[in-house]
Amino acid sequence: MVERLYRDDPYLKACEATVVSAQEGAIELDRTVFYPMGGGQPGDCGTLTLEDGRILRVVDTRAGHSPEQLLHRVAADEDLPATGIRVRAELDWLRRHRHMRLHTALHLLCAVVRAPVTGGRISEDKAHLDFDVEMDKLVKADIERGIIALVDAGHRTRSIWVSDAELDARPELVKTMSVAPPRGEGRVRLLEIPGVDLQACGGTHVADTREIGPLHVARIRSEGRRNRRVTLAFAE
């Protein structure tokens, strides 16, 4: 199974690794700092530098067909490295860090808007959650004020693990109705912001909410009969 270094240290920007498979524009490594697309967070981009100095550009990272697989996707016309080759895997860190800031901000949004979450997505400059709630319950100024207060309070974040059985016994830990937490290892990771939010989440996050920086509510709109979309964007 690939060693997913981003789980223990989301601030790790690069690592040395060995190619275990390379075919059809996808490279598998024995260890990686790259996060695969999931939970609304995009897959990481970056580079793989080979022993001969050649640089392959990673354009996306995806999960494979099994929990053991993580695919670093490169351009279709790239010459793939041989199995056993050593590489240096390095993130597009500025892009990843913006994803981390916005992903943590969405957890704050969950704490401010007390309603079932039906979906969400993160991009490099904005992120949104969809809520099953009446539109008149969403007041832009109130939401913005609540999130800014949580950002400025400097809440620490931490990842903890629970067994599949523990998660099944506590369904309130799964807050996004349309996205099931990643399973397959017998345990599930939670993100905890003590006193603010606790829920299943496999994504990458900042260590302190102050690191999110200035935000504003860019838009609130209807996405169907019950779904209401709240979009956050950087205010900088």
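Quick look at the structure, then. What you are looking at is a predicted structure, and each value in this text was computed from that prediction instead of being measured.

Now for the packing of aromatic side chains. Per the counting criterion, the structure on display carries 2 aromatic pairs. Relative to Tyr35, the ring of Tyr6 lies with its centre 5.5 Å away and its plane at 80°, an arrangement referred to as edge-to-face. Of this pair, Tyr6 sits in helix α1 (residues 5-8) while Tyr35 sits in the loop between β4 (31-32) and β5 (46-50), placing them 29 residues apart in sequence. Each of the two residues, Tyr6 as well as Tyr35, counts as buried. Between Tyr11 and Trp93 the ring centres are 6.1 Å apart and the planes differ by 50°, which places this aromatic pair in the tilted class. Here Tyr11 is found in the loop between α1 and β2 (14-23), whereas its partner Trp93 is found in helix α2 (residues 93-112), with 82 residues between them in sequence. When the ring centre of Trp93 is taken as origin, the NZ or CZ atom of Lys13, which lies over that ring, is 4.7 Å away.

Right, let's get into helix α3 (residues 140-152). What sets the pattern is the α-helix's 3.6 residues per turn: residues three or four places apart point alike. Taking 1.5 Å of rise per residue, 13 residues should cover 18 Å, and α3 covers 18 Å from first to last C-alpha, within 8% of that figure. Restricting attention to buried positions, one finds in α3 the residues Ile143, Ile147, Leu150 and Val151. Viewed along the axis of α3, the buried residues span an arc of 105°, placing them on a single side of the element. Residues of α3 that are exposed and angled more than 90 degrees away from the buried face: Arg145 and Asp152. Its buried side turned inward, α3 meets α2, β14 (215-222) and β15 (227-234). Among the residues trailing α3, Gly154 stands out with phi positive, at a value near 70°.

Turning our attention to the environment of Cys45. Inspection of the secondary structure puts Cys45 in the loop between β4 and β5. By relative accessible area, which is 15% here, Cys45 ends up buried. For Cys45, the contacting residues outside a window of four places in its chain are Phe34, Val58, Val59, Asp60, Glu90, Leu91, Asp92 and Arg95.

This brings us to unusual backbone geometry. Of note in the backbone geometry, Glu24 takes a positive phi value of approximately 50° without being a glycine. Judged by its relative accessible area of 76%, Glu24 falls in the exposed class.

Tallied over the full model, the rule gives 12 salt bridges. Here Asp130 ties to Arg229 by a salt bridge, and the two come within 2.7 Å at their closest N and O atoms. Of the two residues, Asp130 is situated in strand β10 (residues 126-132) and Arg229 in strand β15; the sequence distance between them amounts to 99 residues. A relative accessible area of 17% means that Arg229 is categorised as buried. Across the pair Glu223 and Arg229 runs a salt bridge whose closest N-O atoms are separated by 3.9 Å. On the basis of relative accessible area, Glu223 is assigned to the partly exposed category, the value being 30%. Each of the salt bridges in this network shares a partner with another, and the network as a whole consists of Asp130, Arg221, Glu223 and Arg229.

Thresholds, definitions, all that
- Residues numbered from 1 in each chain as written.
- Predicted model: local features only at pLDDT ≥ 70, side-chain atom pairs only at ≥ 80, totals over all residues.
- Heavy atoms only, no water.
- Phe/Tyr/Trp six-rings, centres within 6.5 Å; stacked < 30°, edge-to-face > 60°.
- Helix = DSSP H or I, 4+ residues; strand = E, 2+ residues; numbered from the N terminus.
- Buried < 20%, exposed > 50% of the residue type's maximum accessible area, 1.4 Å probe, protein only.
- Lys NZ or Arg CZ within 6 Å of the ring centre and 35° of its normal.
- Expected span 1.5 Å × (residues − 1).
- Arc of directions from axis to C-beta.
- Contact = heavy atoms within 4.5 Å.
- Salt bridge = Lys/Arg side-chain N within 4 Å of Asp/Glu carboxyl O.

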